[in-house]
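# Close look at the chain arrangement
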Amino acid sequence: MAVVFEKTRGLAEKPFHYCPGCTHGIIHRLVAESLDELNLIDDAIGVAPVGCAVFAYDYFNCDMQEAAHGRAPATATGIKRVHPKSAVFTYQGDGDLASIGAAEIVHAAMRGEKITTIFVNNAIYGMTGGQMAPTTLVGQKATTAPYGRDENHAGMPLRISEMLATIPKAVFVERVSVHDVKHIIQAKKAIKKAFQTQMEGKGFSLVEVVSTCPTNWGKTPIEALKWLQENMIPYYPLGNFRNTEEVK
Amino acid sequence: MAVVFEKTRGLAEKPFHYCPGCTHGIIHRLVAESLDELNLIDDAIGVAPVGCAVFAYDYFNCDMQEAAHGRAPATATGIKRVHPKSAVFTYQGDGDLASIGAAEIVHAAMRGEKITTIFVNNAIYGMTGGQMAPTTLVGQKATTAPYGRDENHAGMPLRISEMLATIPKAVFVERVSVHDVKHIIQAKKAIKKAFQTQMEGKGFSLVEVVSTCPTNWGKTPIEALKWLQENMIPYYPLGNFRNTEEVK
Amino acid sequence: MAKELWKGNEAVAEAAIKAGCRFFFGYPITPQNEIPEYMAMKMPQIDGCFLQAESEVAAINMVYGAAGAGARVMTSSSSPGISLKQEGITYIAGAELPCVIVNMVRGGPGLGSIQPAQSDYFQACKGGGHGDYRLIVLAPASVQEAVDLVQEAFDIADQYRNPVMILGDGMMGQMMEPVEFKEVKKRSLPEKTWATVGTKGKRKPNVVNSLYIDAADCHNHNVDLFKKYAEIEKNEVRVDTYNVENAEIVFVAYGTTARIVKNAINSLAKEGIKAGLIRPVTLWPYPYKAIEEAAEKASVKAFMSVEMSMGQMVEDVKLGANGKKPVYFYGKAGGAFPTPKGIAEEAKKILGGAK
Amino acid sequence: MAKELWKGNEAVAEAAIKAGCRFFFGYPITPQNEIPEYMAMKMPQIDGCFLQAESEVAAINMVYGAAGAGARVMTSSSSPGISLKQEGITYIAGAELPCVIVNMVRGGPGLGSIQPAQSDYFQACKGGGHGDYRLIVLAPASVQEAVDLVQEAFDIADQYRNPVMILGDGMMGQMMEPVEFKEVKKRSLPEKTWATVGTKGKRKPNVVNSLYIDAADCHNHNVDLFKKYAEIEKNEVRVDTYNVENAEIVFVAYGTTARIVKNAINSLAKEGIKAGLIRPVTLWPYPYKAIEEAAEKASVKAFMSVEMSMGQMVEDVKLGANGKKPVYFYGKAGGAFPTPKGIAEEAKKILGGAK
Amino acid sequence: MAHEIIMAGFGGQGVMAMGKILVEAAMEEGKNVSWLPSYGPEMRGGTANCSVIVSDEPIGAPIVTEATAAIVMNRPSLDKYESMVVPGGALLINSSLIDKKATREDIKVHYVPANDIAQELGTDKVANIVMLGAYIQASGAASADSIMNIITQMFAGKKATVIPLNKEALLRGAACIK
Amino acid sequence: MAHEIIMAGFGGQGVMAMGKILVEAAMEEGKNVSWLPSYGPEMRGGTANCSVIVSDEPIGAPIVTEATAAIVMNRPSLDKYESMVVPGGALLINSSLIDKKATREDIKVHYVPANDIAQELGTDKVANIVMLGAYIQASGAASADSIMNIITQMFAGKKATVIPLNKEALLRGAACIK
Amino acid sequence: MAKVTFDENRCKGCELCTTVCPAKIVVMDKDRINIKGYHPATVKEMDKCTGCASCARMCPDVVIKVEK
Amino acid sequence: MAKVTFDENRCKGCELCTTVCPAKIVVMDKDRINIKGYHPATVKEMDKCTGCASCARMCPDVVIKVEK
Ligand SMILES: Cc1ncc(C[n+]2csc(CCOP(=O)(O)OP(=O)(O)O)c2C)c(N)n1
Ligand SMILES: Cc1ncc(C[n+]2csc(CCOP(=O)(O)OP(=O)(O)O)c2C)c(N)n1
Ligand code: SF4
Ligand code: SF4
Ligand code: SF4
Ligand code: SF4
Ligand code: SF4
Ligand code: SF4
Ligand SMILES: [Mg+2]
Ligand SMILES: [Mg+2]
């Protein structure tokens, strides 16, 4: 009997600490599989965020650095400039990347920093217990938006992929989801493409993964996937926003 | 004899400290005239940046705060939330706004903060002596890009107006120039429109003014205006990127 | 008003609101999240404004703006977030704006741990930001005291046009204790004629600023600031003592650690060892005088600074004791805390050695 | 090699390059702009990397990344920019990464002035960031010494896996003096087996991190750090003295201020007043012992800490003197500086009063 | 007299609420009280605990390091907190979920089948109240009446129907202490 | 012997270069030297100055607060620095641009029409060298030869043609000192 | 013939795998509790398994191995 | 008839005003130096002035007043 599917060697043995059904786990796996399949894992250097994925440094089977909240793109820049041939990636949540780290991601993109960012958009601060993120939907409740996000008070959610796609050196930008197997397969393709773009030295690459937080959404994992599909995707349309073919 | 043109009472008496021919002075005047003509000057609260315009607090005839480098939008947010009926504006350079303050401007826009930002893009750090800005053109020399900006090393210039125009609550975004009288008149129109948008409570408004820095560009004021026209405007096309008519 | 059980963080938030705070700008971080969350719940009901800033940097600069605009305003965070606020804090101090900043300290350095600690003492009291400036630093030891001090903090800030920091820790923020919201005596405060509220065409523009481009001007500004600080040192020192009379060893501890020390003192008493406690309530201005006076007591053989840190306040204890009596340190860091037993044992060791 | 005239900032940059620094991440700020500008000019010629970061926050986090990746890396800034780096600095200290950070101090607080100052002493030496950690702080008094210390700083950083700060000021950065780039004695350094360079499939992943989620682990990490700090305190204290033998008054001053003090000492000598100088070269670890020894000298009547600040290092002088002799302070802040005349007069006042 | 209690279990077993109800009740009786939860990501699925103090004297440290009683709702909590109980103190074990026995002999150990009783009453949710009933019976830290006052206030209004269920749980727990 | 000199003028008058040439020359003569510019936005159009020290002894403070000489190239600099000169010190005034006289009597005052001489030589640009020539003549802080060595090094190559002009300027300046 | 195996102690009982199996054979084992305290997922009628690996791809905790 | 007046001591001699005058009458006064040390701008043939205010609008230092 042949193995059809098993844990990639891109992942360490340690079980994830994520809540049951949290899609962070799926995304970790896709990143690890991509690195392994592209033969990059032994040369890869990853940067973990501050957020639920803070312990990502224990899960990937490659060298890792734990960055300050939001600063992963700057940290990764430091690493990549020292090791220009390594596959350098950041793994960041929406609080980390879109809120406190907004300047760092915009500037990594501007510089065309040859790194790959995996951006996990779950429309909430998971780690700290469900506060509003820049990506929280209008009307969505959060502990710091207990009456639901009010667009007149707190504005409308940031669409990071669309915003970064205006930056010339952000050469690969795609939004994917992991709410079913088909989308998981597509998500992996995008992640692989992003790493390939990096290794070709073309510029900055980012994959935004629309993700769940069953715990702080107050939903079962199955309900959460449904909510994602019905509420997140309409505001965060999936698709490719930039790719190298477009870039002259 | 009637007065056709004289110093607006929106400006204080103090002469500007700017270098000869620096267009900061023109932009100051346009802002002050707009505030005066819209009858807003007595209720206005301005926020000065850190940059050559740091002393702006001495030039406008209204209450002013001097913000930390790049944080003017946050400071203005604090002010506006306290005085929602006042006309609150920030006046910021490209180092201030597009580099260190990138997160603050993106988030003020995201929140639809009811403030007006005057963004002076002179493709350089004027105050500190000619270092590279995020807006420095590819090939343009700066003291920290002595061989000219190399796009493979430092990326390509950020187009702030285009980037912010992707944000739903940035309801008025326009890029103007002050290289001749015609454009100066257009620039003033845009600035007035931005303030009107603010007072109508519609959201965040920004006018990007393409500007010169004769001193650090190493040009005479007249040469500088020419260089602006020939080099800046092709990369930074003038025009309106968002206005309230477009906003549902 | 009857006592109610309040969680430290929520009590601090409610106390601020009771003190007239209507503007809060913050960013989530454990273990202080209940403060912004409480504000998010309450502010809209009372026409106040809670705003989650994009970062701690933005939050403190929003505070700067709002304080400059004349509002009673607060922010809160925990250690890494407070580090990010340092530039903003020195701007606020330099521009002489009143505001309240809460730090529910957690273990460091770096990302550290999220458990209670007192390792931000230096940062709070000596200047985490650049330049010569002072925060007024208040260190409550119970939820009740936190409530009382927060309410007064806004008055103190306004009186001196100076930022006030409430230095708590994760334990203070997370614990529940009975609280009574008492009517706090209001100070008579100067009008905020300096605030940027619009000239209304009736006066010269007000400017909020910390730039003094001429060195001599900047020096004079510093001298003025330090005149104010001397005033604060004269008026605002607060300290609590416990069993210092006849004590052989005097512990110095603040905040929740002081409570642990009290347990140790009581258990030492059972063994016949006389120990006392000096508990600074204001960490700046520091109660050097209380230390000095204790140092001059014949009974006192030694001091021991007890901290949830590797030893920070101990330097101030030494400055107070000024060589008159030896000063020891005992502490745990990174979110661990000294136990009454550990403290008592260390004290016995010292007294044994001192004999 | 013959002496050449070098501007302080450029000499510091060149010294870093000579020490093998090939990565520099910085952000412009007066009065240190010549450092990034020099790097921008030179790095491309030697296959190094100069990058202008989007902010000081980004710069220090790039340093974190590059240091973690095993490089010799430096950043530089001046006071407000250094305040912004505080979170990053404590992360670097917590993760035990080697790097060099230059602060050409200017007047504060807030935007302050851009003239030379020494008012970031507390921030550098006591902890501007949160948590218990230490920077090794070197304070050169001449461009030559800056060059020598910068070169050694990289070795010190690597030896202890600790960030090293060069604490200069605007005067140091802007002045030109003759400099000789001497061959610096290299220390024998451990290999950077901990760096993230890719596993190459040959070892377990390396992790660069400052998070210790369990309080006990975090405490132990702190204890380990402080063992290292004790080691540094034992090995690395440096201090320079001038005329301390038989001095009636001992000035304590560092950096450029120490040079002004020397002028004062010489002019006092002309009046027959014996004054000496203790000049700490390492501000942390601080040369408490030198102070203590001077305090024990019969000739010494008093200490005077002279600073371009409102009085910061004076606390360390007091800790060193430990009550044995009185400690006075004299200084100017905000970009102003004490003059030899002012210092001498103050000293005479003190000695007069002490008689 | 000071009761210094550690209450521990899985997140979701209601140990935090158990502690809060106890301190509310004791406070109404005029005692000094404090309640301190564990916090942080270890709560995610892992073990949660709180330190509760009820005392006639002013309370020193709110954190319990030498417990007069430990209430353990699951196995990991037993392993972690058994040693923290002072000699002569009490250890209450949720024997429905913990099949292990206590190892110490210098403390009083009570085995309370809290989940079994709760299920008998119709819902696992009141296992914590069962345990609380047992604890106050064993310790006298608060009276059943005070506890019921608090529970009654908590569920006043729409949820009032669950009050009798909680009362039953409390009494059944108390009955476990012989 | 220590020369502590303040050189001041408008930005663009070459006061910084004047100071640098002097210290380079003095250094080659084996003296201790330091040079410290003013910096900051006040330079923008305003006055620039540098502190220059040439000394046989190691140099203390690089900043000059009690000048053995002040060289003032414009009026605001005269107003600012006249008082800084020590009794017996020297004050060199660019009389081409400054019509005011010095007020002090306890110092040596030299009026040097630096711009007039420079214009005679064909360019305002060497007014600073004229002034430097006057200063070294007055003070002996460095020899004209050393200065010319430095200037020769500076303009080696393409610009070598300007060397004689500078020499002339230096000598003409020196000739102003009687 | 295909086979799925569960690294049971990694399972957190999230049930996501049960929703994607085309053969609808992945179920939660309500009778058992794993070391973490969850009812683990399992396959009741292994012979119906097509080895499509949907379950494994959906699982956030890398519990499932699929062979064919 | 129109008139322009220069607040001469504010002038920095940047020459921008000279480039925009349709009548080409704004020139730099090379004979004079203002308090700041610059040759100030001036109008030589005032009678040609149309009062269009282009010079004033271009001036970065608010030197010029225009009447008509
Ligand atoms: C400087 C700083 N600010 C705040 C925090 C607290 N913090 C930790 S994680 C987090 C938010 C994480 O949210 P997100 O990035 O969306 O990740 P998620 O947990 O949702 O995956 C915050 C605010 C911190 N550790 N450091
Ligand atoms: C935190 C901080 N970093 C850096 C500086 C130094 N600084 C002052 S102005 C400036 C750049 C200004 O450039 P820009 O915003 O483009 O304005 P301009 O001078 O070109 O108008 C910088 C980096 C500072 N004052 N504070
Ligand atoms: S809190 Fe949310 S994002 Fe974090 S692990 Fe749990 S489900 Fe996932
Ligand atoms: S430096 Fe440039 S931007 Fe600044 S005032 Fe001068 S010309 Fe204007
Ligand atoms: S491999 Fe496919 S068919 Fe088999 S159990 Fe998994 S989902 Fe069902
Ligand atoms: S998806 Fe994975 S973790 Fe979830 S129930 Fe299935 S096997 Fe268990
Ligand atoms: S107003 Fe018009 S015509 Fe008159 S001087 Fe000015 S630009 Fe020339
Ligand atoms: S534009 Fe204004 S400053 Fe420039 S030369 Fe004309 S009048 Fe003078
Ligand atoms: Mg998130
Ligand atoms: Mg600029």
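Residues numbered from 1 in each chain as written. Chains lettered and ligands numbered in written order. Predicted model: local features only at pLDDT ≥ 70, side-chain atom pairs only at ≥ 80, totals over all residues. Heavy atoms only, no water.

### Quick word on the site of ligand 7
Every residue lining ligand 7 is accounted for by V4, C21, P22, I25, V26, C49, T50, G51, C52, A53, S54 and C55 of chain H. Taken together, the residues of the shell around ligand 7 break down into 9 nonpolar, 3 polar and no charged. (Near = heavy atom within 4 Å. Nonpolar A, V, L, I, M, F, W, Y, C, P; charged D, E, K, R; others polar.)

### Observations regarding the sheet that holds strand β11 (residues 249-252) of chain C
All names here are of chain C. The strand order β10-β12-β11-β14-β15 describes an open sheet built from 5 strands, whose pairing is mixed. This sheet does not close on itself; its edge strands, each paired only once, are β10 (239-242) and β15 (327-331). On average, each strand axis in the sheet is tilted by 20° relative to the strand beside it, whichever way the strands run. Relative to strand β12 (residues 275-280), β11 runs parallel, the two being bridged by 4 bridges. Within the sheet, the bridge partner assigned to V250 lies in β12 and is G276. Strand contacts of helix α12 (residues 314-321): β11, β14 (302-307) and β15, with the helix running at about 165° to β15, the strand carrying the most contacts. (Pairing = 2+ DSSP bridges. Helix = DSSP H or I, 4+ residues; strand = E, 2+ residues; numbered from the N terminus. Axes fitted to C-alpha atoms, helices over the stretch in contact; angles between N-to-C directions. Contact = heavy atoms within 4.5 Å.)

### Overview of the site of ligand 8
The local shell around ligand 8 consists of C11, K12, G13, C14, E15, C17, M28, A41, C59, P60, V63 and I64 of chain H. Each residue belonging to the shell around ligand 8 can be placed in one class, and the counts come to 9 nonpolar, 1 polar and 2 charged.

### A word on the nonpolar core
Counting residues in each nonpolar core, the largest one holds 417 residues, and the members touching the most others are M74, F251 and F303 of chain C together with M74, F251 and F303 of chain D. Residues contacting F251 of chain C, with those up to four places away along its chain left out, are V261, I265, L268, A275, G276, L277, I278, M304, V306, I343 and A347 of chain C. (Core = buried A, V, L, I, M, F, W, Y, C linked by side-chain atoms within 4.5 Å. Buried < 20%, exposed > 50% of the residue type's maximum accessible area, 1.4 Å probe, protein only.)

### Some thoughts on the packing of aromatic side chains
Summed over the entire model, instances satisfying the criterion amount to 36 aromatic pairs over all chains. Members of the aromatic cluster, connected to one another through ring pairs, are F60, F89, Y91 and F195 of chain A. Above the plane of the ring of Y235 of chain B lies R159 of chain B, whose end atom (NZ or CZ) is 3.8 Å from the centre. (Phe/Tyr/Trp six-rings, centres within 6.5 Å; stacked < 30°, edge-to-face > 60°. Lys NZ or Arg CZ within 6 Å of the ring centre and 35° of its normal.)

### A short note on the coordination of the magnesium ion (ligand 9)
All names here are of chain A. Ligation of the magnesium ion (ligand 9) by protein atoms is provided by D94 (OD), N122 (OD1) and I124 (O), these donors lying 2.0 to 2.2 Å from the ion. Here the donor residues of the magnesium ion (ligand 9) share one chain and are spaced in sequence as D-x27-N-x1-I. In terms of burial, N122 and I124 fall into one category: buried. (Donors = N, O, S within 2.8 Å, 3.2 Å for Na, K, Ca; no water.)

### Description of the confidence of the model for chain E
For chain E, the mean per-residue pLDDT works out to 93, and 97% of the residues sit at or above 70. Scoring the predicted complex yields pTM 0.98 and, for the interface, ipTM 0.97. (pLDDT = per-residue confidence, 0-100.)

### Things to note about the relation of the copies chain C and chain D
In screw terms, the move from chain C to chain D is a rotation of 180° and a rise of 0.0 Å along the axis, fitting with an RMSD of 0.0 Å. Here the symmetry operator amounts to a two-fold rotation axis. Taking C-alpha positions as reference, the residue of chain C nearest the rotation axis is G128 of chain C, located at 1.8 Å. When the interface residues of chain C are mapped onto chain D, 100% of them again fall at the interface, so both copies present the same face. (Least-squares fit on C-alpha atoms with pLDDT ≥ 70 in both.)

### Digging into the arrangement of the chains
Where the 16 pairs of chains in contact are concerned, the greatest contact count is recorded for chains C and D. The smallest C-alpha distance separating chain E from chain F is 49 Å, and no contact links them. The least C-alpha distance between chain E and chain H, which are not in contact, is 58 Å.

### Some points on the sheet that holds strand β11 (residues 249-252) of chain D
Residue and element names in this part refer to chain D. In spatial order, the strands read β10-β12-β11-β14-β15; together these 5 strands make up an open sheet with mixed pairing. Each having just a single partner strand, β10 (239-242) and β15 (327-331) make up the two edges of the open sheet. Strand-to-strand, the axes of this sheet are offset by a mean angle of 20°, without reference to chain direction. Inspection of the sheet shows β11 paired to strand β14 (residues 302-307) by 4 bridges, in the parallel sense. For V252, the partnering residue across the bridge sits in β14 and is S305.

### With respect to the interface of chain C and chain D
How big an interface is tends to be stated in terms of accessible area lost as the parts join. In this complex, chain C contributes 58 residues to the contact, which on the side of chain D involves 58 residues. Overall, the association of chain C and chain D removes approximately 4,700 Å² of surface from exposure, summing both partners, and the carbon and sulfur fraction of that is 61%. For the chain C face of the interface with chain D, the top three residues by lost area are P109, H130 and M310 of chain C, together amounting to 15%. Here chain C is connected to chain D by 2 salt bridges. A salt bridge links K126 of chain C to E315 of chain D; the nearest nitrogen and oxygen atoms lie 2.8 Å apart. One can count 32 residue pairs in polar contact (both at pLDDT 80 or more) joining chain C with chain D. Mapped onto the side of chain C that touches chain D, the elements with two or more residues apiece are α4 (79-84), α5 (86-94), α6 (121-127), α9 (215-235) and α12 of chain C. Sort the elements by how many residues they give to the side of chain C that touches chain D and α9 of chain C lands first, with 7 residues. (Buried area = accessible area lost by both parts, 1.4 Å probe. Salt bridge = Lys/Arg side-chain N within 4 Å of Asp/Glu carboxyl O. Polar contact = N/O pair within 3.5 Å; in protein donor to acceptor, adjacent residues only side chain to side chain.)

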